[in-house]
Amino acid sequence: MAETYYFIKDLISDVERGKVRIPSFQRGFVWDLDRIRFFIDSIYKGFPFGSVLIWRTITRLRTERNLGPYKLGENNSNYPIDYVLDGQQRITSIFGIFQNSLTAEDSENTAWTNLFFELNSEESVPFRHLEDSTNYDPTKLFPLKYVFDSPNYRKTTRNLDENLAQQIDELVDRFTKARIPVERFESEEPKYVATVFERINRQGVELDTLQLLSVWNWSEDFDLQENFRTLAEELEPFGFKEVGSDLLLKCCSAVVMNSANPEGFMELAGSEVRDKFEEIRTGIFGAIDFLKKDLNVFSLKLLPMENILPVLTSLFASSRKQRDPFSSEQNEVIMKWFWRACFSQRYARGGAKSTDIDLEEAQNLKAGKTHKLGDFDVCLDTDFFLKNSFRMSTVATTTFILLLAQGEPLNFIGGTKVSLEDVLSKGNRKEFHHIFPKGYLVKLNKYQDNQINCLSNFSLLARSDNNKIKNQPPSQYRTLMSSDLKKFNEIIATHFCPANSFTDDDYDKFLASRSEFLCKKAKELCKLIEGPI
């Protein structure tokens, strides 16, 4: 990258003739009046304010953004284009404050451009915004729009006394000589540009690979970002609104490239994504349907690790709208893989390598070939339920919740079925309650928070039941439960609870027994042991 600089007048000229442009992935102009005022003051006083990053290319992007309220003119196709990757807010401020040629788009607010220099100012920042740029005292204020407008500049200073005219001359001289630091790089390689974008992203600029892909010329009749936006809207009930585009892009990559790492997309022809987009769509909806029906995952909030979805998407992807169903043996393998991945937290720390291994094995399973999907180690013991606290943000907790759902739990007091779809669609803690109430255990002054809030002490209960239980020990709220011993045993079995939990109020004994029950169920799901619990 070669470092250089812009004089303000040259920057304005390049913007006016469409040479400097804004990619569509950039956010809009968001600086407030004070931010603009302090920035202009920094230029005036020669303070450092950081360089602008420019990508110079001969490739015109399909979609671009206005520069703040201004629509940019067409660039001469014989010249390269300078796309602003970092510094859009600064360039927009400079252009809006000093330019006199472009008119803002209808309904756009341009009051922020009415910045004036305050003559004889005693303020630390001698710049002031006015709502009405036509109503001001020229002996007290000078509009910055006249700095590079020689006729109006001369007209304004003609009748001023020498002291005021000299202040304005000095102001104009400072802005005329001011240099805007610029870093430019030239590249036609999308992967290289993507790396630069990623580095910017680490500094807080919201860019992602999908946005980058979308601005390359995929085709005139296919806008990748628009198609993803439509798909995300359809998936909104499943929680995609909160996730953003990255997970969708991983699913896309899993189908097209058999990899959950979308970086390789930069080397693909756009046709490869366009041609498989319906296959991707079928795969995502097939995966979600499987998660809902077979695993009670009604929301992404309860999907233990997001890389599970790309693997499932690749399995369910099909060029036909209705793919052939998996055999019972294949389905059993998929279930084993799911539970082993969750309990081993296989993709918890990124897991790109493990995900790609599983994607390859998933394709072997799908094709009826020899495979090793789910054939990886998982160490399961009671510590999983005793040492992990109930926190909705953790893989352990969401995995535990899905295990509880496998029991098709009945409400403690009423004995009716817990509505799993209603409860698990919300994905919040309010529907999960302590079996040994927290208030009761705290009063004993015997247990630490991590012991009280361990997974083994939680279950799915209706809020109405929990309100009746309150802070009573199990032996007391047992009287609210069914007096029919068979029905009582049926209820607690759906929660993987030992029967003696509700007689002697021995919390240590309860934790040991329930952890064994839960661990046995977990091993059954992971196919580490056979048979029902």
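Each value, and the rule that gives it
Residues numbered from 1 in each chain as written. Predicted model: local features only at pLDDT ≥ 70, side-chain atom pairs only at ≥ 80, totals over all residues. Heavy atoms only, no water. Helix = DSSP H or I, 4+ residues; strand = E, 2+ residues; numbered from the N terminus. Contact = heavy atoms within 4.5 Å. Areas by Shrake-Rupley, 256 points an atom, 1.4 Å probe, with all protein chains shown as cover. Buried < 20%, exposed > 50% of the residue type's maximum accessible area, 1.4 Å probe, protein only. Arc of directions from axis to C-beta. Polar contact = N/O pair within 3.5 Å; in protein donor to acceptor, adjacent residues only side chain to side chain. Core = buried A, V, L, I, M, F, W, Y, C linked by side-chain atoms within 4.5 Å. Salt bridge = Lys/Arg side-chain N within 4 Å of Asp/Glu carboxyl O. Phe/Tyr/Trp six-rings, centres within 6.5 Å; stacked < 30°, edge-to-face > 60°. Lys NZ or Arg CZ within 6 Å of the ring centre and 35° of its normal. Axes fitted to C-alpha atoms, helices over the stretch in contact; angles between N-to-C directions. Parallel < 35°, antiparallel > 145°, perpendicular 65-115°, else oblique. Nonpolar A, V, L, I, M, F, W, Y, C, P; charged D, E, K, R; others polar. Pairing = 2+ DSSP bridges. Disulfide = S-S within 2.5 Å. Left-handed = near helix turned anticlockwise from the far one by under 90°. pLDDT = per-residue confidence, 0-100.

**Student:** Would you mind going over the overall build of the chain with me for this structure?
**Tutor:** Looking only at helices and strands, the chain features 23 helices and 11 strands. The long-range fraction of contacts in the chain, counting pairs at least 24 apart against all pairs at least 6 apart in sequence, stands at 75%. In the structure as shown, the chain presents an accessible area of about 25,800 Å², 44% of it carried by carbon and sulfur atoms.

**Student:** For this particular structure, what's the right way to read helix 1 (residues 8-16)?
**Tutor:** Residues separated by three or four positions in an α-helix point in the same direction, a consequence of the helix having 3.6 residues per turn. Among the residues of helix 1, those classed as buried are Ile-8, Leu-11, Ile-12, Asp-14 and Val-15. Each buried residue of helix 1 sits inside an arc of 165 degrees when the element is viewed along its axis, so together they form one side. At the exit of helix 1 stands Gly-18, carrying a positive phi of roughly 80 degrees.

**Student:** Help me understand the environment of Tyr-447 in this model?
**Tutor:** Looking at the element boundaries, Tyr-447 is found in the loop between helix 18 (438-444) and helix 19 (449-452). Excluding its chain neighbours within four sequence positions, the residues that come into contact with Tyr-447 are Leu-441, Ile-452, Tyr-507 and Asp-508. A distance of 3.1 Å separates polar atoms of two side chains, one belonging to Tyr-447 and the other to Asp-508.

**Student:** Hey, could you run me through the nonpolar core in this one?
**Tutor:** A general tendency of soluble globular proteins is for nonpolar side chains to be buried together. Leu-309, Leu-312, Trp-337, Phe-338, Phe-343, Phe-385 and Leu-424 are the most contacted members of the largest nonpolar core, which totals 79 residues. Counting residues in hydrophobic clusters, the runner-up holds 44 residues, among them Val-15, Phe-39, Phe-95 and Ile-168.

**Student:** Honestly, the pattern of salt bridges in this entry has me stumped. Any pointers?
**Tutor:** Pairing of side chains with opposite charge becomes possible as their charged atoms draw close. Following the criterion strictly, the structure yields 23 salt bridges and no others. The residue Lys-293 makes a salt bridge to Asp-289 at a minimum N-O spacing of 3.4 Å. Separated by 4 residues within a single helix, Lys-293 and Asp-289 lie in helix 11 (residues 270-295), roughly one turn from each other. Connected through salt bridges with shared partners, the residues Lys-19, Arg-56, Asp-82 and Arg-184 form a single ionic network.

**Student:** What's the story with the packing of aromatic side chains in this structure? I'm lost.
**Tutor:** Any aromatic ring pair is given by two values, namely how distant the centres are and how the planes are angled relative to each other. Counted under the stated rule, the structure contains 35 aromatic pairs. Through successive ring pairs, a cluster of aromatic residues spans Phe-338, Trp-339, Phe-343, Phe-384, Phe-385, Phe-390, Phe-400, Phe-432 and Phe-458. Between the NZ or CZ atom of Arg-184 and the centre of the ring of Tyr-6, over which it lies, the distance is 4.9 Å.

**Student:** Honestly, the packing of helix 12 (residues 308-316) against helix 13 (residues 328-344) in this entry has me stumped. Any pointers?
**Tutor:** For any two helices packed against each other, the geometry comes down to the angle between their axes and how far apart the axes lie. Running from N to C, helix 12 and helix 13 cross one another at 170 degrees; their axes reach a closest spacing of 12 Å. Overall, the two elements helix 12 and helix 13 adopt an arrangement that is roughly antiparallel. Contacts between helix 12 and helix 13 pair Ile-308, Val-311, Leu-312 and Leu-315 from the former with Ile-334, Trp-337, Phe-338 and Cys-342 from the latter. Grouping the amino acids of the contact of helix 12 with helix 13 by side-chain chemistry returns 8 nonpolar, no polar and no charged.

**Student:** Got a minute to help me understand the pairing of strand 5 (residues 81-86) in this structure?
**Tutor:** Counting buried residues in strand 5 gives 5 out of 6 residues, a clear majority hidden from the surface. As paired elements, strand 2 (residues 20-23) and strand 5 share 2 bridges and run parallel to each other. From the neighbouring strand, Val-20 faces strand 5, where its bridge partner is Asp-82. Looking at chain direction, strand 3 (residues 52-57) and strand 5 are connected through 5 bridges and run antiparallel. Residue pairing across strands places Trp-55 opposite Tyr-83, the latter belonging to strand 5.

**Student:** Looking at this structure, I do not really get the state of the cysteines. What am I missing?
**Tutor:** One covalent bond between the sulfur atoms of two cysteine residues makes up a disulfide. As enumerated under the stated definition, the model contains 0 disulfides in all. Of all cysteine sulfurs, the one in Cys-342 lies closest to Cys-526, which takes part in no disulfide; the gap is 8.4 Å. Overall, Cys-526 belongs to the buried group, its relative accessible area being 0%.

**Student:** I keep staring at the packing of helix 13 against helix 14 (residues 352-366) and nothing clicks. Help me out?
**Tutor:** Helix 14 packs onto helix 13 with a crossing angle of 165 degrees between their chain directions and a minimal axis gap of 11 Å. Taken as axis vectors, helix 13 and helix 14 run roughly antiparallel relative to one another. In the crossing of helix 13 with helix 14, the sense of the turn from one axis to the other is right-handed. Contacts between helix 13 and helix 14 pair Gln-330, Val-333, Ile-334 and Trp-337 from the former with Asp-358, Leu-365 and Lys-366 from the latter. Here the contact of helix 13 with helix 14 is built from residues that sort into 4 nonpolar, 1 polar and 2 charged.

**Student:** Which parts of the structure should I look at to understand the side chain of Ser-318?
**Tutor:** Mapped onto the elements of the fold, Ser-318 is located in the loop between helix 12 and helix 13. Here Ser-318 falls in the buried class, since its relative accessible area comes to 9%.

**Student:** Help me out: how do you make sense of the confidence of the model for the chain in this one?
**Tutor:** In the predicted model, the chain carries a mean pLDDT of 87, and the fraction of residues at 70 or more is 88%. Contacts for the low-pLDDT stretch residues 216-221, under 50 throughout, to residues beyond four places or in other chains number 16 contacts.

**Student:** Whenever I open this one, unusual backbone geometry confuses me. Can you help?
**Tutor:** A positive phi is found at Phe-496, a non-glycine position, where the angle reads about 55 degrees. With respect to the secondary-structure elements, Phe-496 resides in the loop between helix 22 (485-493) and helix 23 (507-525). With relative accessibility at 4%, the residue Phe-496 sits in the buried group. One non-glycine residue, Asp-505, adopts positive backbone phi at about 55 degrees. Asp-505 sits in the buried class, given a relative accessible area of 19%.

**Student:** What's the story with the pairing of strand 6 (residues 115-118) in this structure? I'm lost.
**Tutor:** Direction of pairing for strand 6 relative to strand 7 (residues 127-129): antiparallel, over a ladder of 3 bridges. Bridging from a neighbouring strand, Leu-115 pairs with His-129 of strand 7. As paired strands, strand 6 and strand 8 (residues 141-143) are joined by 3 bridges and run antiparallel to one another. Within strand 8, the position partnered with Glu-118 by the bridge is Leu-141.

**Student:** Looking at this model, I keep getting lost on the environment of Gly-87. Mind explaining?
**Tutor:** Here Gly-87 shows up in the loop between strand 5 and helix 3 (88-98). Under the relative-accessibility criterion, Gly-87 is labelled buried at 6%. In this structure the C-alpha to C-alpha distance between Gly-87 and Gly-50, which are 37 residues apart in sequence, comes to 8.5 Å.

**Student:** I keep staring at the sheet that holds strand 7 and nothing clicks. Help me out?
**Tutor:** By way of backbone hydrogen bonds, the strands of a sheet pair with one another, either parallel or antiparallel. Taken together, 3 strands build an open sheet; the order of strands is 7-6-8 and the sheet is antiparallel. Of all the strands in the sheet, the pair left with one neighbour each is strand 7 and strand 8. For this sheet, the mean inter-axis angle between neighbouring strands, taken without regard to orientation, is 40 degrees.

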